[in-house]
Amino acid sequence: MNQKFTFSAEVRARMPEQDEKANHPGSFRGRLWNVGEIDPALEAEMRHAGANALTARILSARGMMAEDYERFASPRIRDWMPDPNTLKDMQAGVRRAARAIREGQRIGIWSDYDVDGACSAALFIEILRGCGHEDFVLRIPDRITEGYGPNTPGLLSMQRDQGCDLIFCLDAGIVAFEPLASAKAAGIEMVVIDHHNAAQDGTLPDGLAIINPNRLDDTSGLGHLCAAGVTFCFFVGVVRELIRDGHFDGRDGRPAERPDLMEYLDLVALATVCDVMKLHGLNRAFVHKGTEFLSKRRNPGVAALALAAGIDPSDPITEKTCGWVLGPRINAGGRVGASDSGALLLIERDRAQADVRAGALHAINVERKELSDGVTEEALAQLADFRGGVDRRLAMAIVEDAHEGVVGISAGKVKEAKDAPAIVVTRDHNGNLKGSARSVGDVNIGHIIQDASAAGLILGGGGHGAAGGLTLRHDQVGAFIDFADAEIRKTAYFREGIRSACDLKVELKELSLDAIRSVDAMAPFGNGNEKPRLLLGPVILSEIRVIKDKHMKLSMKAPGGMIDGLIWSVVGTPVGDSIEAAIGKPIEVLGTAEINTFNGKSNPQFMIDDIRYADGPEAQLAAGALDATDAGGLAQAAAEVLSLDEIDEAVVARCEGRMVLVTGLILESFQPVKDKHLRVVFGAAGRQLSAMKWNSASGEFADRVRVSAGTAVNAYGLLELNEYRGRTSIQMKLKDFETDQPELSLGGVAAP
């Protein structure tokens, strides 16, 4: 992909240099870490309310009150669902929709091409069908030729060519002043159901009903809902209105029973997660219940898409599946394919046709990924001099030959790489620059774009706090950057940089499988209820392995055991260089704890976001406790010290996921496996223990094994049960060994 545009010297000269005060706080990513503080009294109250020890600490650090725990732990729709009429204009919109259903009037539906738009449209249509109404027309604009939101030609075409005098505009329309004015002049009744930011002066477009919890005059407190969530509330009102009218009587083609709205929460959950809405209150209840229906695969389109993506039909569909698997594939259609393909999949009732549509979306997503990777590479090349974690200004790149549908994805990747608000634009079919923005911290990029548009600095645009879109001319780039940077300089982000939130500091010995499972029970995770981020340490970085030439797998030791950690896309970066320099040193890692299950074996694993050096007495203790040349070094790291004759299946089960030290062994033999791994056989008192050390057939560890053959040693690692040809044996996943310390050969005692 060739670069066709560079910022002029004049524009670059206006880009402010960033003061470097407090820009090097010590983490490898150049970030400050905010560690949560625990109120002991609140923690005790939380445990009394039913939370276990680790969860109580996390929730108290997040400031949750004990009286809120039950509704958090068991979120129910009825506890959070408001009367729909608390939203402004809801009653007018509900009554108009109910009348159209009763009278059999054709209903036009205009929606957006992203996941929220597709789910909103599908939700609207599916509930219409449940109410016995099949006369509808769906219109989703083309991202490239029409852009976001309703446009005058499209609305007038729906009236002229498809007979729509009543149109519901979903997930768009809150700032569509001219199109709605034109529609009204043509006699079209417009109802907007949106959630995006309204104009900051409070002005609303002219329609029959403008339903949006983010209207400045709306007091519902539901501004965290996505469009599908607002649409669900809308239909709670519509169905209630129809019940009052006696609509569900089974006569004259009308249904005998009302639709069960709960069954449609699968679409609400999918949209809520993919639109990155805050997962608290009603949204948490939506996703908690909605993922249950997603896992049941009620919707043929969802079932087909999950299967096309390689998800086993028996596997649950979680919020992670929504965000990382289903969402990107639905979005792919709007980005580089037919804009309505996601919505059409979700309203498809024929399972064979759903399979065809899902397969097409999956293939489009592969193409989308290739396109977005190329755009991101070009954008980052333009921003090579932008110092991530140091420069706190707008990171803007112009990739003129990029596909419009993937610049938003690229902007997100640039934001992550540079720790800065990012915009990636390309040349549109009118010769202007058009693209997407993604933001960080407290930088409200939607407001910046809206204010720039109001000031005439760009041709147009909008969005919300975390994301937006804009169109501008080449000659407006410099002034827009100046304006954006001036707004950014007013923020806490500019003063302090990115602050990484951390719920809790933990020691390695606290991360048992049961503890991690208790944390997972806090799901669904997402914006506003992030998976708990833990500060683990101090630990010693003992080993680094490169995965697929991009990622790193780190082995970390501490008193209480050993854990593997994964950190993505750092090879060849300053972060990766810092990691390589830290081997053998005490560090602290920031990230999330997970359970890694492979070949039926489960072990704790840490997904690393950031790293910093550890210091102080704790770090020195960690380093000393893990020095295998010191007497008893590995005993201090082990959760239990055992002799071989007391190890049986019950002991293996008790020690699952915990590092143990088996003492009083003879290193009897060793053998390379596939020229890569090393199998070591230990013996004692007529028994043998087979152990495997991965990726160690050569090197320092293999040399130590060779010179130790026939000598007394202690073996340190994870005990596992191995099933082979109907026989069960006990083996060890070997991490280290040391020369036998006689005073440790006690067997069955807890390590100090």
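The structure under discussion appears in the preceding block.
Residues numbered from 1 in each chain as written. Predicted model: local features only at pLDDT ≥ 70, side-chain atom pairs only at ≥ 80, totals over all residues. Heavy atoms only, no water.

**Quick notes on the overall build of the chain**
As a reminder, the rule being used: Note on conventions: DSSP H or I runs of at least 4 residues are helices, E runs of at least 2 residues are strands, and numbering of each starts at the N terminus. The quantity called the radius of gyration is restricted to C-alpha atoms. Its globule counterpart is 2.2 Å times the number of residues to the power 0.38. When a residue's accessible area, from a 1.4 Å probe over protein chains only, is under 20% of the maximum for its type it is buried; when over 50% it is exposed; and in between it is partly exposed. A contact between two residues is defined here by any heavy atoms of the two lying within 4.5 Å. Here, Shrake-Rupley sampling with a 1.4 Å probe gives the accessible areas, and only protein chains in the shown set may cover a residue. In this count, Lys and Arg are taken as positive residues and Asp and Glu as negative ones, while His and the chain termini are left out. Taken as the charge centre is NZ of Lys, CZ of Arg, CG of Asp or CD of Glu, depending on the residue.
Of regular secondary structure, the chain possesses 26 helices and 25 strands. Relative to its length of 752 residues, the chain is compact, with a C-alpha radius of gyration of 29 Å against a globular reference of 27 Å. Dimensions of the chain, computed from C-alpha atoms along their principal axes, come out at roughly 95 × 70 × 55 Å. For the chain, the residues scored as buried account for 55% of the 752 residues in total. When contacts within the chain are restricted to residue pairs at least 6 apart in sequence, long-range pairs at least 24 apart make up 66% of them. As displayed, the chain has an accessible area near 31300 Å², and 49% of this comes from carbon and sulfur atoms. For the chain, the centre of its 83 positive side-chain charges and the centre of its 105 negative side-chain charges are spaced 2 Å apart.

**Looking at the pairing of strand 12 (residues 499-502)**
Stated formally: Strand pairing requires that DSSP identify at least two bridges connecting the strands.
Side chains Ser500 and Cys502 project from strand 12 onto a buried face, and the interleaved Arg499 and Ala501 project onto a face without burial. Summarising the sheet, strand 1 (residues 32-35) and strand 12 pair through four bridges and their orientation is parallel. Within strand 12, the residue paired with leucine 32 across the bridge is arginine 499.

**A short note on the packing of helix 13 (residues 300-308) against helix 16 (residues 351-382)**
Short version of the rule: Whenever a helix is involved, its axis is fitted only over the stretch in contact; in every case the axis is a line through C-alpha atoms, and angles between N-to-C directions fall within 0 to 180 degrees. Angle categories are assigned with fixed cut-offs, so that under 35 degrees is roughly parallel, over 145 is roughly antiparallel, 65 to 115 is roughly perpendicular, and the rest are oblique. Crossing handedness follows the turn of the near helix against the far one: under a right angle anticlockwise gives a left-handed crossing, and clockwise gives a right-handed one. All amino acids are sorted into three groups, where Ala, Val, Leu, Ile, Met, Phe, Trp, Tyr, Cys and Pro are nonpolar, Asp, Glu, Lys and Arg are charged, and the leftover types, Gly among them, are polar.
The interhelical angle for the contact between helix 13 and helix 16, taken along N-to-C directions, is 45°, at an axis separation of 8 Å. In terms of orientation, helix 13 lies oblique with respect to helix 16. Judged by the twist between their axes, the crossing of helix 13 over helix 16 is right-handed. Between helix 13 and helix 16, the contacting residues are Pro300, Gly301, Ala303, Ala304, Leu305 and Ala308 on the first element and Arg351, Ala354, Asp355, Ala358, Gly359, Leu361 and His362 on the second. Among the residues making up the contact of helix 13 with helix 16, the classes are represented as eight nonpolar, three polar and two charged.

**Quick notes on the nonpolar core**
Generally speaking, nonpolar side chains in soluble globular proteins are found buried as a group. Basically, it comes down to this: What we call a nonpolar core is a set of buried Ala, Val, Leu, Ile, Met, Phe, Trp, Tyr and Cys residues that are connected through their side-chain atoms within 4.5 Å.
Within the largest apolar cluster, 78 residues are counted, with the highest numbers of intra-cluster contacts made by Phe124, Phe168, Ile193, Ile211 and Phe234. With 10 residues, the single largest contributor to this core is helix 7 (residues 115-130). When residues no more than four places from it in sequence are discounted, the contact partners of phenylalanine 234 are Met90, Gly93, Val94, Ala97, Phe124, Phe168, Ile193 and Ile211.

**Considerations on the side chain of serine 696**
When you line up the elements, serine 696 lands in the loop between strand 22 (687-693) and helix 26 (700-708). Of the residues examined, serine 696 reaches a relative accessible area of 5% and is grouped as buried. Those residues in contact with serine 696, other than ones at most four positions away along the chain, are Lys676, His677, Leu678, Phe701 and Ala702.

**Thoughts on the pairing of strand 14 (residues 534-547)**
The pairing of strand 13 (residues 504-506) with strand 14 spans three bridges and is parallel. Bridge pairing in strand 14 links lysine 505 to leucine 535. The sheet contact formed by strand 14 and strand 17 (residues 586-598) spans five bridges and is antiparallel. Considered in strand 17, the bridge of leucine 534 is made with glycine 591. Sheet topology places strand 14 next to strand 15 (residues 551-558); seven bridges connect them, and they run antiparallel.

**What about the packing of helix 7 against helix 10 (residues 227-244)?**
In the contact formed by helix 7 and helix 10, the axes pass within 8 Å of each other and the chain directions differ by 15°. Between helix 7 and helix 10, the angle is such that the two are roughly parallel. In this structure, the crossing between helix 7 and helix 10 has a hand that is right-handed. Where helix 7 approaches helix 10, its residues Asp116, Cys119, Ser120, Leu123, Phe124, Ile127 and Leu128 are matched on the opposing element by Ala227, Ala228, Thr231, Phe232, Phe234 and Phe235. Looking at the contact of helix 7 with helix 10 residue by residue, the classes come out as 10 nonpolar, two polar and one charged.

**Some details on the packing of aromatic side chains**
Formally: For Phe, Tyr and Trp, rings pair up if their centres lie within 6.5 Å, where Trp contributes its six-membered ring, and each pair is then called stacked (planes under 30 degrees apart), edge-to-face (over 60) or tilted (otherwise). Remark: a charge is flagged as sitting over a ring if the NZ atom of Lys or the CZ atom of Arg is within 6 Å of the ring centre and within 35 degrees of the ring normal.
Within the structure shown, the criterion is met by eight aromatic pairs. With a centroid separation of 5.3 Å and an interplanar angle of 65°, the aromatic rings of phenylalanine 28 and tyrosine 613 are classed as edge-to-face. Taken together, the residues phenylalanine 28 in the loop between helix 1 (9-14) and strand 1 and tyrosine 613 in strand 18 (residues 601-613) connect sequence positions 585 residues apart. Look at phenylalanine 124 and phenylalanine 234: their rings are 6.2 Å apart centre to centre, the planes differ by 15°, and that puts the pair in the stacked class. Within this pair, whereas phenylalanine 124 is found in helix 7, its partner phenylalanine 234 is found in helix 10, the two being separated by 110 residues in sequence. Residues phenylalanine 124 and phenylalanine 234 agree in their burial class; the two are buried. Chaining the aromatic ring pairs together yields one cluster made of Phe124, Phe168, Phe234 and Phe235. The aromatic ring of phenylalanine 72 is capped on one face by arginine 284, whose charged end is 3.8 Å from the ring centroid.

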